[in-house]
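Here is what each chain is made of, one letter per residue.
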Amino acid sequence: MNKLLRILFLLLICAGTAQATKIKGHVYDKQTGEAIVGATVVLENPRRVTNTGLDGTFEFKGMVTGSAKISVSYITYQTITKTIMVEKEDNEHLKFYMESDSKALDDVTIKSNVVSSTDQGARRLEKNATQIMNIVSGRAIEISPDLTVANVMQRVSGVSIERNSNGDGQYAILRGMDKRYNYTLVNGVKIPSPDNKYRYVPLDLFSSDLLDRLEIYKTLTPNLEGDAIGGGINMVMKNAPGKFQLNANVSSGYSQLFIDRKFASFNSSDINYKSPYELNGKNYNATQNDFTKATLDYKYKNPAPNLIGSLSLSQRFLDNKLGVVLAGSYQNTYRGSNSTFYNTAVNGTDAFAVITNKSYREFSEQQQRTGLHGKVDYVFNKNHQLSLYNVYVNLKNQQLRDAVTTTYNGVYNPTVGNAELVYNTRSRLTEQQIYNSTLHGDHKFFDEKFKVQWSAVYSSAKNDVPENTSISLNGIQQNFQSRRLSLVNTSPVNRRWERNTDEDLAGYLDLGYRFNIGADKLEVMAGGLYRDKQRSSFFNNYTLAPNAADASKVYGVDYQNYTELNLVVSNPTGAVANPLTYDATEKISAGYGMFKYTAAKLEVTGGARVEHTNQGYNLLFPAGETFPKGQQVYTDVLPSLTAKYFLTDKAQLHASYYKALNRPGFYEIVPGKVVNEEFQERGNPDLQRALADNFDLRYELFPGASEQLLVGAFYKRIKNPIEYTFRADAVRGQDIYYTPGNFGTAKNYGAEVDYIKYFSKIGVKANYTYTHSSITTPKTTRTINPTTGDIQALSVDQKRPLYGQSEHIANASLLFKDTKKGWDAQIAGAYTGPRINTVSQFLNNDLWQKGFIQMDASAEKRFKSGISVFVKANNILNTPTKLFIKGTNPENNKINENLVKNGNTLVRSDYYGQNYLIGFRYKFN
């Protein structure tokens, strides 16, 4: 009997299985036809729930034939419910088209705010954009391993990043064009740079948590400012959606570097932000008591864990007319590096440099990054809107650098037991900040045919390096044993103040009128801007030396801490009379006219922009310079033409030509010298702006909501490109300066491929860029005069790539997304090929950065309560920065430190360690 029951039970199971089947479907946005990712799909009786995958698909297995009820829901969309018949086989592929749930008044302003932060919204914006661009969505940024905008940039095709001393990304190089050729915008408005010499903005100032999306412009149209030969970076900040939202996250982690060694620090709270000259007057004679001892009192310990957090609140009031968003971010991280640097020199008629000494440096940096963003917008009706947004970012970097330099007799030879040592410790606090406030208006008249947009902008930027302190000691190495001895007798202690501020007042106006020509549309636009920039720069320096009694004291024997030293100020009134104490102004006025013609298969945008520049400087303490005051005034006409040809509703050809310029930085035209740690630097009052013709062609395919295939090529012809080189003084040939100059005409061309594809739960993002550039600059070579037998220097021209340009750049990311179970994970790799790091004055002796791969990873698990747990890991492979010279001097082969390989000589290697982070995220909406 039991055997019979078991047989009947198995037959019933088989029968049920035979009747079981599966259903599949897609969920789309009805307006755009794009797939919706993460929509909730509910099957009733029995209740089963799933979510759409990365391609908008869903699937239910084990279905029983008969009637079934399915509902689909997603934020900002109306819920759809359908009753279907499930067949035994060949079930119809279901398609659900969802409509917006926003009110008519808010359909554009609110729904777009939600969608634009998604991958689907980013692809839509790329497809519809007039200029050629790439976009990283807010959601992609959120689940990525990246904490700052600079690190997000490295995921974009054609972009490589330049790292700072702790290995974090800092500046972006677009399509092989150095950071000087790009500009940075916040919500479409240019912001000033806090840098004390240059225009480019450090992107590590900005926490990625503040962004709704990141836009990278690779071409320009006449309504965009024209000083972006490489391109533009636009940070679009968080906006207020149609319902209340609260997003919060907090995380903590550690750097592997400080698991392996101690973190060096000092107390920066006692630092004087103003020098004795500023506090007491120009005739005041400073003493040791005017300076804090805290910058010479070093501590070595394990740092606290990193702490990172952000909070954003957004809501709309008054029947969705008033929108408010407040967002803040705070990051307190401990970073650093271990650096080995081999100093070189070209001796006699040697073709390549010989290594003369070795420096080992340990950097310890505490970074406190604060970001605040607030926006209020009011929608009077569908034709009139006002918004006021403010953004403030601040980065405090407290750095302590310990260095020891080992010098042997003549050339570097570690097999010799005796050597001279120089110990140098530098304690530095750097504070950079940017503030921007923009009042913006959008208005439409005459059935929305006439549009008026305007902005009134105030921006400021500040860079402050107060009481930057360094101390040097002499030492010796005997029988491979080293010890510190006395202070360097001349000026062992140096304290300096550097500060610069920028203030910008700007106004923007854009007018547009649309004509309907049958089924086609023609929009005519005109507008302009005016910006008044005022910059002030201050530099002061004091040197201190030991008194007679302390000059011969030995560290570790006669005293245990630098704070015990008795020092005398060598220049008690300071050194404020220098070329870094100056005022500068820049007045930009611009106007443009353009048209946009749209037909069924074609869109053409063209026009021209005129920019007038009036840039000048005033040295406050001239010291015999030929031009203590200077001014550059010029006007440029910048035409552009962009065309899009629509092959299908998902494929198009995108072509562009535009002309752009690059202005010299403020300090670059100041004719004074500054003595840095490793070289002398001098401005060039004859430096001219660079002008470039830029050509682009790209095939664009958007097969799915979050998918794309972009294949493009570009060509740039740059007249008077600006590059830094080491050059001899025209009068005193023995003085060598690192100075900017114009060098003929440079060319830069390449090709890009950008691919994003999803297979249900698995996604692939990959891009590759090939870039080739050439520029000709003068170099020095040495030969023997056949008549006198003396060594003489000759100047020759050498063709080389542009500074910072890598021939090959690639990115690849493997993504996993399970919306049903709440999982997001990715592993991302970025490759940057070899590039010039420093241009040498000598022929074939440029410093190159070795190509490298950086691997990062992240994962997130979401729970139904709105809480997520995430982890991030950066620099998993502990990828170093390595610099080398192409070629080698035979003397370098004798150094048993594996420095010469494949004919190249390694001169520097920096290791940063891995960084780990774990945290919690909460979302309510």
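Residues numbered from 1 in each chain as written. Predicted model: local features only at pLDDT ≥ 70, side-chain atom pairs only at ≥ 80, totals over all residues. Heavy atoms only, no water.

(A) Main features of the overall build of the chain. A tally of helices and strands in the chain yields seven helices and 50 strands. Taking the principal axes of the C-alpha coordinates as reference, the chain spans close to 105 × 80 × 60 Å. Pairs at least 24 residues apart make up 71% of the contacts formed inside the chain by residues separated by at least 6 positions. Accessible area for the chain stands at about 38,800 Å²; split by element, carbon and sulfur atoms hold 55% of it. Charged side chains in the chain number 106 positive and 88 negative. The centres of these two groups are separated by 4 Å. (Helix = DSSP H or I, 4+ residues; strand = E, 2+ residues; numbered from the N terminus. Contact = heavy atoms within 4.5 Å. Areas by Shrake-Rupley, 256 points an atom, 1.4 Å probe, with all protein chains shown as cover. Lys, Arg positive; Asp, Glu negative; His and termini not counted. Charge placed at Lys NZ, Arg CZ, Asp CG, Glu CD.)

(B) The arrangement of the sheet that holds strand E13 (residues 211-217) in detail. Read from one edge to the other, the open sheet built from five strands follows the order E8-E13-E14-E11-E12, with strand pairing classed as mixed. Each of the sheet's edge strands pairs with one partner strand only, and the pair in question is strand E8 (133-137) and strand E12 (189-190). Pairing between strand E11 (residues 182-186) and E12: two bridges, direction antiparallel. Bridging across to E12, Val 186 finds its partner in Val 189. (Pairing = 2+ DSSP bridges.)

(C) Inspection of the sheet that holds strand E6 (residues 80-86) at higher detail. Spatial strand order, E3-E2-E5-E6: four strands in an open sheet with antiparallel pairing. Edge positions in the sheet fall to strand E3 (48-51) and E6, since each has one partner strand and no second. Adjacent strand axes in the sheet meet at a mean angle of 25° when their direction is disregarded. As judged from the four bridges shared by strand E2 (residues 40-43) and E3, these two strands associate in the antiparallel manner. Directly across from Leu 43, in E3, lies its bridge partner Arg 48. (Axes fitted to C-alpha atoms, helices over the stretch in contact; angles between N-to-C directions.)

(D) Layout of the side chain of Ser 339. Counting through the fold element by element, Ser 339 comes out in strand E19 (residues 322-345). For Ser 339, the side chain forms a polar contact with the side chain of Asp 910, separated by 2.5 Å. Leave out the neighbours within four places in its chain, and Ser 339 touches Ser 359, Tyr 360, Arg 361, Phe 363, Arg 908, Ser 909 and Asp 910. (Polar contact = N/O pair within 3.5 Å; in protein donor to acceptor, adjacent residues only side chain to side chain.)

(E) Highlighting unusual backbone geometry. The backbone of Ser 760 sits at a positive phi, close to 55°, despite the residue not being glycine. One can find Ser 760 in the loop between strand E38 (745-759) and strand E39 (762-784). Positive phi values are uncommon outside glycine, yet Asn 875 reaches one of about 55°. Considering the arrangement of structural elements, one finds Asn 875 in the loop between strand E46 (867-874) and strand E47 (881-886).

(F) Just the packing of aromatic side chains, in detail. Across all of its chains, the model carries 28 aromatic pairs by this definition. Aromatic pair Phe 695 and Tyr 715: ring centres 6.3 Å apart, planes at 40°, arrangement tilted. One end of the pair, Phe 695, is in strand E34 (residues 690-701); the other, Tyr 715, is in strand E35 (residues 708-719), with 20 residues separating them in the sequence. A connected cluster of aromatic rings, assembled from ring pairs, spans Tyr 171, Tyr 198, Tyr 200, Tyr 724 and Tyr 738. Here the basic side chain of Arg 199 rests over the ring of Phe 666, its NZ or CZ set 4.8 Å away from the ring centre. For Arg 361, the ring lying beneath its charged end belongs to Phe 341, and the centroid distance is 5.4 Å. (Phe/Tyr/Trp six-rings, centres within 6.5 Å; stacked < 30°, edge-to-face > 60°. Lys NZ or Arg CZ within 6 Å of the ring centre and 35° of its normal.)

(G) Summary view of the confidence of the model for the chain. Averaged over all residues, the pLDDT of the chain equals 89, while 93% of them reach at least 70. Taken as a whole, residues 7-19 scores under 50 in pLDDT and shows four contacts with residues more than four places along the chain or in a different chain. (pLDDT = per-residue confidence, 0-100.)

(H) Spatial organisation of the environment of Tyr 657. Summarising the element assignment, Tyr 657 is placed in strand E31 (residues 651-662). In this structure the C-alpha to C-alpha distance between Tyr 657 and Ala 643, which are 14 residues apart in sequence, comes to 9.2 Å. The contact partners of Tyr 657, leaving out residues within four places of it in the chain, are Pro 639, Ser 640, Leu 641, Asp 693, Asn 694 and Phe 695. One polar contact links Tyr 657 to Asp 693, side chain to side chain, over a distance of 2.6 Å.

(I) Inspection of the pairing of strand E29 (residues 602-619) at higher detail. Two strands pair when backbone bridges link them, and strand E28 (residues 582-598) and E29 are joined in this way by 17 bridges, in the antiparallel orientation. For Met 594, the partnering residue across the bridge sits in E29 and is Gly 607. Between E28 and E29, which pair antiparallel and follow one another directly, the connecting turn spans three residues. As judged from the 17 bridges shared by E29 and strand E30 (residues 629-646), these two strands associate in the antiparallel manner. Its bridge partner lying in E30, Asn 618 is registered against Lys 629.

(J) Representation of the pattern of salt bridges within the structure. Inspection of the entire model under this criterion finds 47 salt bridges. The partner of Glu 142 in a salt bridge is Arg 139, and the shortest N-O contact between them spans 2.1 Å. Of this pair, Glu 142 and Arg 139 both sit in helix H4 (residues 138-142), three residues apart, roughly one helical turn. When its relative accessible area of 18% is taken as the criterion, Glu 142 is described as buried. The salt bridge involving Arg 139 is made with Asp 824; its shortest N-O contact spans 3.0 Å. One end of the pair, Arg 139, is in helix H4; the other, Asp 824, is in strand E42 (residues 823-832), with 685 residues separating them in the sequence. Three or more residues joined by partner-sharing salt bridges are found here, namely Arg 139, Glu 142, Lys 817, Asp 824, Glu 860, Arg 862, Arg 921 and Lys 923. (Salt bridge = Lys/Arg side-chain N within 4 Å of Asp/Glu carboxyl O. Buried < 20%, exposed > 50% of the residue type's maximum accessible area, 1.4 Å probe, protein only.)

(K) Representation of the environment of Asp 510. Relative to the elements of secondary structure, Asp 510 occurs in strand E25 (residues 493-517). Assessed through its relative accessible area of 22%, Asp 510 is described here as partly exposed. Along the primary structure Asp 510 and Gly 591 are separated by 81 residues, whereas in three dimensions their C-alpha atoms are 9.7 Å apart. Discounting residues that sit within four places of it in the chain, Asp 510 has contacts with Asn 223, Lys 451, Val 452, Gln 453, Ala 526, Gly 527 and Tyr 592. A polar contact is formed between the side chain of Asp 510 and the side chain of Tyr 592, at a distance of 2.4 Å.

(L) Summary view of a positive patch on the surface. Where like charges cluster on the molecular surface, the positive patch consists of Arg 717, Lys 719, Lys 747 and Lys 799. Mapped onto the secondary structure, Arg 717 falls in strand E35. Here Arg 717 falls in the partly exposed class, since its relative accessible area comes to 40%. (Patch = residues over 30% accessible without salt bridge, like charges linked within 9 Å, V, L, I, M, F, W, Y side chains within 5 Å.)

(M) Molecular detail of the nonpolar core. Counting residues in hydrophobic clusters, the biggest one holds 35 residues, and the most contacted among them are Leu 220, Ile 229, Tyr 582 and Ile 718. Secondary-structure elements contributing two or more residues to this core are E8, E11, E28, E29, E31 and E34. When near neighbours in sequence (up to four residues on either side) are disregarded, Ile 718 contacts Met 177, Ile 229, Ala 690, Leu 691, Ala 692, Gly 744, Thr 745, Ala 746 and Asn 748. Core analysis: the next-biggest nonpolar cluster, separate from the first, contains 31 residues, Ile 191, Val 201, Ala 327 and Val 391 among them. (Core = buried A, V, L, I, M, F, W, Y, C linked by side-chain atoms within 4.5 Å.)

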